[in-house]
Every structure is written in C-alpha cells, then in structure tokens.
Amino acid sequence: MKHHWTLVALLIGGTIAMTQPQTEARAQNVTGGKPATQAKTDAGPDAIRPFRVHFPDEALTDIKRRIAATRWPEREIVADQSQGVQLATVQKLARYWATDYDWRKVEARLNALPQFVTNIDGVDIHFIHVRSKEKNALPIIVTHGWPGSIIEQLKIIDPLTNPTAYGGSAADAFDVVIPSLPGYGFSGKPTATGWDPIRIARAWVVLMDRLGYKRYVAQGGDWGNAVTEQMALLQPPGLIGIHTNMPATVPADIDKAAFTGVAPSGLSAEEKHAFDQLVFFYKHGLGYAQEMMNRPQTIYGISDSPVGMAAWMIDHDARSYALIARVFDGQREGLTRDDILDNATLYWLTNTTISSARLYWESKLAFFAPKQVAIPVAVTAFPDELYQAPRSWTERAYPKLIYYSKVDKGGHFAAWEQPQLFSEEVRAAFRSLR
Amino acid sequence: MDRIKDRIKMSEEINHPFRINVPEEALVDLRRRIAATRWPTKETVTDQSQGVQLAMMQELVRYWATDYDWRKVEAKLNALPQFITEIDGLDIHFIHVRSKHENAMPLIVTHGWPGSIIEQLKIIGPLADPTAFGGRAEDAFDVVIPSMPGYGFSGKPTTTGWDPARIARAWVVLMKRLGYTRFVAQGGDWGAVITDVMATQAPPELLGIHTNMPGIVPPDVSKAIASGSPAPSGLSDEERRTYEKVQHFVATGAYYAYEMATRPQTLYGIADSPVGLAAWLIDHGDGDAQPAAAITAAVRRPTRGQPQDQLTRDDVLDNITLYWLTDTAISSSRLYWENKFPFFDAKNVSIPVAVSVFPGELYQAPRSWAERAYPKLIHYNKVEKGGHFAAWEQPQLFSEEVRAAFRSLR
C-alpha cells in the first residue's frame, strides 16, 4: 500500500549491559590559541568543564564481538539498492569494523581538540571550542544533524580557524564552536520531553553567551539547519547572520505537489530539478524518518545490533548511500571507511541511537518549509543534497539573502565530504558581515 | 547460524509430511542473545506515544529468556498434519486438517504480518470438529492454513514478484492439488488482501470468501485519505468514523509498513536482535491503540491459569520466536515492498463475500460500504469483541462467524 499513505508532515536509561560506555571528563588546560578569559570556568551551575573522551577497552572488544556474532538475513532479492542497504555492502562494512578499524585514532583526534561540557537548561551540552589565533576572528557555532555528529565537522575546524594554512586569508578566520545536540554524542540525553529544535536553538544562544561571544554567526545542515534557522528566528542580539547548506525554501504548494509526484506548471529547469529530487526523496527515502518521528522507542534493534544501527544510519538518502557504498567498494571519494565508522562507533559507544531518534519525535517543524527568517542568510546549494535549492525559491524564503552559491560537488554531509570547498563557502558567506 | 529450515526433519514420504525440530543450540543461542541485549534509555514519556515502552519490553524479555518454552508450541504444531509442497518454484508449508464429518467444506485461511500460522491454531478445532465446540456437524470445514512465502516454514523467494496476486494464484493451485474442487477462503490483514485478490481472480473452484479486514473504502474516500483532505461530504456518522479511523492509522500508525515497503533490507537490526525483532512485531496497532490493545494485554498475561482461548504472553512469544527461528524478519517484510494493492480499498470483488466486523479492528467497515464493495454480500455481522488478530484473540467467536458466513454456500 505504499502509494496510499498520506504524507502530511515531511518527517517524521534502562538497564544497561556491562558495556555501558564511560566517558570521562578530565581536567585539561589547553583551550586553544587564546586563553578563554571571558568564559565562565568557575564551579557554579554555569561552569564549563574540560572534557576528554575515553572508552574502556572492554567496550571496544564488546562491539567487535557483537559484530562478529551478527545474524545476517539473506541477501536482498534485487540487483540494486532498491530494497535498502545491500547485504554485500553492509558485510564489507562489518568486516572492516570488526577487524582493522581502530576507534582509538579518532578518540585521539578528538582529545587533541579543546572539548568541554556545560549544563544548559538541565542538560549537559558537550562541545568542541577552538579559538583562532587570528585577531578579529568571527565566532561561529556549527550544528550537525542526524545521522551525524561532531565527527562530521572535524575536517573544517582547521580551515576555519586557521585559514592561512588552507589557502585562505587571515581576515576570514573563525572561532569555532561545535556542540553535540542533546541526545547525541557526548551531550546528555534528555529524560523529559521538550528538547525540540527551538529549545536547542535557545540553548545554543546561552552557550555562545556563556563563552563570552557578543557577535557571532551560526551554520548548519540537516537538523543543524533547523536549529540554526530557529536561532535566527529568536533574533538574539549577538547573532548577525546564518549560513545553511540545507536551506528550507520549498514553497508550500510545490511541497504538497511533490508528495503526489505531479509537477506544477511553470517551473524553471532549475526548479523542476529540485522538484524531481523532492519527489524521489518523498517516495523512497522517508520511512526511517517517519518511523523515528512516530515510534522512536520501537527501534530497539538499532540499539542492540551494531550492524542494525550502521545500516539504519547509512540509509539516510539515496545519494549518501551510494557514496558510502562506493567507499566500501574501495573507491575513495569524499568520505573514508574510517569516517563512516568513526561516526557509527560514536553512536554505538554513547548508546545514542534511540535518544538521537527522539529529536524527530520532538520536532514539529517541516524540514523544507520557509520559516520567515528575517536576519541575513547565506546559502550554499550542494548538488547531491536532498534537493538543490534554486535561487528563486531561496530569495523568496530568505528576504535578507546575503549570499547564494551553487557548487559543483558535495551532498548531504557537505562539511564531512568536501571540507575544503565547504570552508571556502563559509568564509565567502560571512565576508560581508565582518 | 545455519538456516533452521535446512535442518528441519523432513521425511521422504510422497506427500512430504513436515515436522519441526529446532536444534537445541538455536534455542540456547536465542536466550544468550536476549541476555546480552544492549538496551536504550527509557522513553521520555509515560505512555506508548514514543513506541513500545522499555518496561514492557524488559518484562516480556525476562520471561522469554528464562521460563518461556518453545518446545510446547513445537509439540502443538507437530500434533497437526503439516506438509510442504512446491508451487511456482517455492516451497509452501501448510497445515491441513481434514474434518471427520462428511461434506465438510474446504477452507483456506491466510494469516498476515506480524502474524503467522500461530494466529490460527486455536480455530482449527472449532472449524474442523465443530461438534466438540458447540457447533453442528454440517458446519464442519476441512482446514488448510498455509505459511505465506517468506514467512514461517515456507520458502523465501529469491527473486521478485511474490505479491498478493501471485500468492493468491498459488493458493488456488494448492487447493486443487489437495483435490478440492469447491472451496472457500478466509483472511485478515495480508490474508484479507490475498483473499480479496483471489476473489477478483475468481477461479471457478472458489465459492466465496470471508474477511475480517474487508477492503471496502470507496475510491473518493480513499483519495481524500491519501491526500490528507477532509472527508467527502455526505458521509453517514458511521462512514465518517471509519474514514477517521483509517485516516488516523495511515497518518500515525503505519510507518513501520512504509519503511518495509520502501527499504525492507535496511532492517538488519530486526534480523540480528531478538529484542529488536520482538518490539518491531509488537508495535502493530489495532483500532484501540498502538501496540494493539489486545497484544499489550496479552504480553502482561501469564499463561498459567488462563482459559485456553485467552491470548497470553506465550502466544505472543510463540509467534515472535517462530519469526526468529525461521529468520524471516526481512523476508516477511518484503511482501510490503512487493505489494501494489491498496490495503483498505474496494477491489471489484464480484463473487459471494462474508464480512465480520470486529470492534477492535483498525476500522469498522460500515454495512453501506461493504455492500458497495461486495455486491454479493452474503453475510455481514458486527460482533462485540475482538480486534485485528481476531482468530487469535477470539477463536470461538471467530469460528462461529466463519460457520455462519458460509452456511448459505453449502
């Protein structure tokens, strides 16, 4: 009955086994290039505590043991990805994950970065905070999405904070703040309802304020876009503009038409292309999101099975899946096997598959509907995003559009896949606001 | 793990009798996996609105990993005549119980998802041997209960095409192979779709059908539901209620089905995790709640001391364990991917149809729509209890309905 469902909206601590991940917050004195003089580092409720990641060996052994013990279904009965993540692909992923993959490498990369935890609105918020050595660096808060994490943003930290080392100019430098969403990664897991993108946006404003930033910008894609747009709608005095790589621009009538698959007349070629992308995504790619939006707790299988979790995560959308599948077939482009498994392992070790899924349940926002953002907005339209926002829709959605750029490569995980290009876009996006 | 089915003892006799004997190591492995479950955090609400609640799952699983005994249902199944026969290139497993009564009417009963032949075990006695259950000899049936392709002990298709229409054709082949030249068919859930489709194929041997999930939604109403539009004007109160119930299910309760219809292979977690499988199967709704109110009640109901008719946690676990041991979580999901038929819409059935309306079903078919959908409506009855899993929940009442349904066709 797949053709007969109404798709009105776009999206959709119990007893822990002995392998409960233990993250340890340890004192550390490195806070980046400049001392965080403005930041509150006392022990009060607003305290900002240094954070380091360390999972016990037994947690890493346990995950490999579980992967090796996977009970596989039989192969899909088609020769392509039309029934979902293909058995051969996920078996290649599992083989590497259970053998040569080394979590300690990314753990060391994370611990080489200044990380902190601070309690905001009752939930511990974990974040990376790297200050630029350049004077007049622009503070930026970058928000990841699902099935992403701070792992998505690791490669853009240097190009943004230290642009001169990456072909940029010192005048384009940023102080970078990269938080883990509530329920994600090393942030706390909300135990009560209410942590929707609006509340997260408010928390981010508190965070930037707590770090002493009076004038800053925000950036995001996927859920990061939803949070960033909500920050813009709050219009906190410090927020001077946003950049998005998954802009919400789809006019209501076109969005409705995309669910039926019948294109409205009068679309330009660019608009028709975006429309076709939406039709495809709505038809083939929404099941996971709708299940998480309605029944996140029911997906115990992705909490208990590493392979179940990994497959669920890499099936975000057709282009991302194709990219990831190619990576496990040995084609290096954009992402590496380690990138994929660093992110998956982070979800596993922090046991955040269900807590992250709850964000879909919490949110009442349509992903792609324009939100009447009144502050300056910069947009980069990546070709393999769920849809590539046409300039026409973008101008209507964001009255103060300060930057619009269509780039020629990159997809849904733009910062992760194309960090250099992405960083250049972020620099260009905010140049006029400095 | 080797496929259980490969190890199932199958005699070489000509009619391929079939017995189940799951190796002990498969049961030990299941308990070991359950004990090693890595649980998520508790839901952040105090009700079922985020899915199957952690406490309910943990309570059920504690029993599953300890005192639950698969061997009991295995013995129950092996006490029944079971067979395998190859149809259209696929092994089809079925229970076949002939009535001792002369002139018994042959009946093929089809289960649904997340069900199996386990759903129908309690109606076999009342249908094949009615006099032992307060019925009359002239209401007796010869009962055929197949496992759908990709389900239970039937084979798993390795190529595409096994949609309800193909299954319906296979069922007709099965009945003819068993020597039945005049028979009736019954179903709910997928079983209802397959039975409806079989009726539209109208093989001469098929005298009529009985459905407990009738496909009756008129085209204009179906269109309104699909587009999220308000109900068409002119509906009676009863019709409007049905519209609202179907609309509600489609808008909130069917996303598991949408995932299975688009990306069944992605659900590796339900193939690898017994608890993941159990929660996924339990979260099918009925007209009262999601998970189905009848299933939630059963999960909390210890079996000991209950009447045999009562649905209990052993029944629920028998069904889940069957899915686990046969490793059919994904193969069963593929039926959603294969299907192109609307579940609840009228389908141009022109042969005699009998309908029972259960109050706990996802929606209650109004007589007006049943009459439009089934021009030869020979029986329509609203009963007082029972839901989506009617045969499982209310075997006695269900059997009485099936007897009444087909009385005029004998």
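Residues numbered from 1 in each chain as written. Chains lettered and ligands numbered in written order. Predicted model: local features only at pLDDT ≥ 70, side-chain atom pairs only at ≥ 80, totals over all residues. Heavy atoms only, no water.

Chemist: Would you mind showing me how to read the overall build of chain A here?
Modeler: Per the secondary structure count, chain A includes 17 helices and 9 strands. Taking 2.2 N^0.38 as the reference for a compact globule, 434 residues should give roughly 22 Å; the C-alpha atoms of chain A span a radius of gyration of 21 Å, in line with that estimate. In terms of overall dimensions, chain A has a C-alpha envelope of 60 × 60 × 40 Å along the principal axes. Buried residues in chain A amount to 65% of all 434 residues. When the accessible area of chain A is evaluated, it comes to approximately 15,000 Å², of which 52% is carbon and sulfur surface. (Helix = DSSP H or I, 4+ residues; strand = E, 2+ residues; numbered from the N terminus. Rg over C-alpha atoms; globule rule 2.2 N^0.38 Å. Buried < 20%, exposed > 50% of the residue type's maximum accessible area, 1.4 Å probe, protein only. Areas by Shrake-Rupley, 256 points an atom, 1.4 Å probe, with all protein chains shown as cover.)

Chemist: I'm lost on the overall build of chain B in this one. Help?
Modeler: Helix and strand content of chain B: 18 helices and 8 strands. Taking 410 residues into account, the globule formula puts the C-alpha radius of gyration at 22 Å, and chain B, at 20 Å, falls close to it. Overall size of chain B, expressed as C-alpha extent along the three principal axes, is 55 × 55 × 45 Å. Here chain B holds 410 residues, and 68% of them are scored as buried.

Chemist: Looking at this model, I keep getting lost on the sheet that holds strand β3 (residues 105–110) of chain B. Mind explaining?
Modeler: Residue and element names in this part refer to chain B. Strand order in this open sheet of 8 strands is β1-β2-β4-β3-β5-β6-β7-β8, and the pairing throughout is mixed. Looking at the sheet topology across the chains shown, the edges are occupied by β1 (82–87) and β8 (377–382). Recorded for the sheet is a direction-independent mean angle of 20° between the axes of neighbouring strands. As defined by bridge partners, β1 adjoins strand β2 (residues 90–97) across 6 bridges and the pair is classed as antiparallel. Along β2, the bridge assignment pairs Thr-85 with Ile-92. Its contacts with the sheet put helix α6 (residues 164–177) on β1, β2, β3, β4 (141–146) and β5 (183–187), and the angle it makes with β1 is roughly 120°. (Pairing = 2+ DSSP bridges. Axes fitted to C-alpha atoms, helices over the stretch in contact; angles between N-to-C directions. Contact = heavy atoms within 4.5 Å.)

Chemist: Would you mind showing me how to read the packing of aromatic side chains here?
Modeler: Each aromatic ring pair is specified by the distance between its two centres and by the angle formed by the two planes. A full pass over the atoms with the stated rule returns 35 aromatic pairs over all chains. A centroid spacing of 5.8 Å and a plane angle of 90° characterise the contact between B:Trp113 and B:Tyr336, whose relative ring orientation is edge-to-face. On the criterion of sequence distance, the pair formed by B:Trp113 in the loop between β3 and α5 (121–128) and B:Tyr336 in helix α15 (residues 329–338) is long-range, its members being 223 residues apart. Among the aromatic residues, ring-to-ring pairing joins A:Trp146, A:Trp223, A:Tyr288, A:Tyr360, A:Phe367, A:Phe368, A:Tyr387 and A:Trp393 into one connected group. Here the guanidinium or amino end of B:Arg38 rests over the ring plane of A:Trp348, the centre of that ring lying 3.6 Å away. (Phe/Tyr/Trp six-rings, centres within 6.5 Å; stacked < 30°, edge-to-face > 60°. Lys NZ or Arg CZ within 6 Å of the ring centre and 35° of its normal.)

Chemist: Would you explain the sheet that holds strand β9 (residues 401–406) of chain A in this entry?
Modeler: Adjacent strands of a sheet form backbone hydrogen bonds with each other and so pair up, either parallel or antiparallel. Residues and elements named next belong to chain A. Spatially, the 9 strands line up as an open sheet ordered β1-β2-β3-β5-β4-β6-β7-β8-β9, and their pairing is mixed. Each edge of the open sheet is held by one strand with a lone partner, namely β1 (48–50) and β9. Across the sheet, the mean angle separating the axes of adjacent strands is 25° when strand polarity is ignored. Bridge count for strand β6 (residues 216–220) against strand β7 (residues 239–244) is 5 bridges, and the pairing is parallel. Residue Gln-219 lies in a different strand from β7, and its bridge partner there is His-243.

Chemist: Would you take a moment to explain helix α11 (residues 306–314) of chain A for this structure?
Modeler: The periodicity of an α-helix, 3.6 residues per turn, causes residues three or four places apart in sequence to face the same way. For α11(A), a buried count of 9 out of 9 residues is recorded, marking the element as mostly surrounded by other parts of the structure. Burial in α11(A) covers these residues: A:Pro306, A:Val307, A:Gly308, A:Met309, A:Ala310, A:Ala311, A:Trp312, A:Met313 and A:Ile314.

Chemist: Please clarify how the pattern of salt bridges should be interpreted in this entry.
Modeler: Across all of its chains, the model carries 40 salt bridges over all chains by this definition. The residue A:Arg199 makes a salt bridge to A:Asp121 at a minimum N-O spacing of 2.7 Å. With a gap of 78 residues between them, A:Arg199 in helix α5 (residues 197–210) and A:Asp121 in the loop between β2 (115–120) and β3 (123–130) connect regions that are remote in the sequence. With a shortest N-O distance of 3.9 Å, B:Lys347 and B:Asp196 are connected by a salt bridge. With B:Lys347 in the loop between α15 and β7 (353–357) and B:Asp196 in helix α7 (residues 190–201), the pair connects residues that are 151 residues apart, well separated along the chain. Relative accessible area serves as the criterion here: at 1%, B:Asp196 is assigned to the buried category. Within the structure, one salt-bridge network assembled from shared partners comprises A:Asp62, A:Arg65, A:Arg66 and A:Asp304. (Salt bridge = Lys/Arg side-chain N within 4 Å of Asp/Glu carboxyl O.)

Chemist: Just to check I follow, could you spell out the packing of α5(B) against helix α18 (residues 395–406) of chain B for this structure?
Modeler: Each packed pair of helices is defined by two parameters, the angle between the axes and the distance between the axes. All names here are of chain B. Here α5 crosses α18 at 45°, and the two axes come no closer than 9 Å. Compared by their axis directions, α5 and α18 come out oblique. Seen from above, α5 lies across α18 with right-handed handedness. Note on element contacts: α18 touches α5 through Pro-395, Phe-398, Ser-399, Val-402 and Arg-403, opposite Lys-122, Ile-123, Pro-126 and Leu-127. In the contact of α5 with α18, the residues fall into 6 nonpolar, 1 polar and 2 charged. (Parallel < 35°, antiparallel > 145°, perpendicular 65-115°, else oblique. Left-handed = near helix turned anticlockwise from the far one by under 90°. Nonpolar A, V, L, I, M, F, W, Y, C, P; charged D, E, K, R; others polar.)

Chemist: How should I be thinking about unusual backbone geometry in this particular structure?
Modeler: With the exception of glycine, most residues fall at negative phi, and the peptide bonds are largely trans. The linkage connecting B:Trp113 with the following residue, B:Pro114, adopts the cis geometry, with an omega of 5°. Omega for the peptide link from B:Gln290 to B:Pro291 comes to -5°, which places this bond in the cis form. Following the sequence through the fold, B:Pro291 ends up in the loop between α12 (274–282) and α13 (293–299). Of note in this structure, A:Gln372 is not a glycine but carries a positive phi near 60°. Position of A:Gln372 among the secondary structure elements: in the loop between α14 (353–362) and β8 (377–381).

Chemist: Got a minute to help me understand the nonpolar core in this structure?
Modeler: A:Trp97, A:Phe368, B:Met57, B:Trp113 and B:Ile282 are the most contacted members of the largest nonpolar core, which totals 285 residues. Ranked by residue count, the leading element in this core is α6(B), at 8 residues. In contact with B:Ile282, not counting residues within four places along its chain, are B:Val52, B:Met56, B:Met57, B:Leu60, B:Pro291, B:Ala292, B:Ile295, B:Val299, B:Val316 and B:Ile320. (Core = buried A, V, L, I, M, F, W, Y, C linked by side-chain atoms within 4.5 Å.)

Chemist: Teacher, can you tell me more about the interface of chain B and chain A here?
Modeler: Many descriptions give the size of an interface as the accessible area lost when the pieces come together. Every contact between the two is made by 77 residues of chain B and, on the other side, 69 residues of chain A. Between chain B and chain A, a total of about 6,400 Å² is buried, with carbon and sulfur atoms accounting for 53% of that surface. In terms of surface lost to chain A, no three residues of chain B exceed B:Arg38, B:Tyr258 and B:Tyr268, which account for 16% of the buried area on that side. The tally of links from chain B across to chain A stands at 5 salt bridges. For the pair chain B and chain A, the interface holds 44 residue pairs in polar contact (both at pLDDT 80 or more). Taken together, the elements giving at least two residues each to the side of chain B that touches chain A come down to α3 (54–65), α8 (219–227), α9 (237–253), α10 (255–262), α11 (268–272), α12 and α15 of chain B. Looking at the side of chain B that touches chain A, the element that brings in the most residues is α10(B), giving 7 residues. Broken down by class, the residue content of the side of chain B that touches chain A amounts to 36 nonpolar, 26 polar and 15 charged. (Buried area = accessible area lost by both parts, 1.4 Å probe. Polar contact = N/O pair within 3.5 Å; in protein donor to acceptor, adjacent residues only side chain to side chain.)

Chemist: Quick question: what am I supposed to make of α10(B) here?
Modeler: Most of α10(B) sits inside the fold, with 8 of its 8 residues counted as buried. Taken together, the buried positions of α10(B) are B:Tyr255, B:Tyr256, B:Ala257, B:Tyr258, B:Glu259, B:Met260, B:Ala261 and B:Thr262. On the buried face of α10(B), the contacting elements are α8 (269–284), α9 (287–294) and α11 of chain A together with α9, α12 and α15 of chain B.

Chemist: Where do I start with the side chain of A:Lys371 in this structure?
Modeler: Residues and elements named next belong to chain A. Within the secondary structure, Lys-371 sits in the loop between α14 and β8. Looking at Lys-371, its side chain comes within polar contact range of the main-chain oxygen of Ala-366, at 2.7 Å. Lys-371 has contacts with Glu-229, Gln-230, Leu-233, Ala-248, Leu-365 and Ala-366, leaving out every residue within four places of it along the chain.

Chemist: Would you take a moment to explain the confidence of the model for chain B for this structure?
Modeler: Should the pLDDT be low somewhere, the predicted coordinates at that spot are not to be read in detail. Residue and element names in this part refer to chain B. Per-residue pLDDT for chain B has a mean of 95; in total, 96% of the residues score no lower than 70. The model gives residues 1–14 a pLDDT under 50, and that stretch makes 27 contacts with residues more than four places away or in other chains. Taken together, the chains of this predicted complex give a pTM of 0.92 and an interface ipTM of 0.93. (pLDDT = per-residue confidence, 0-100.)

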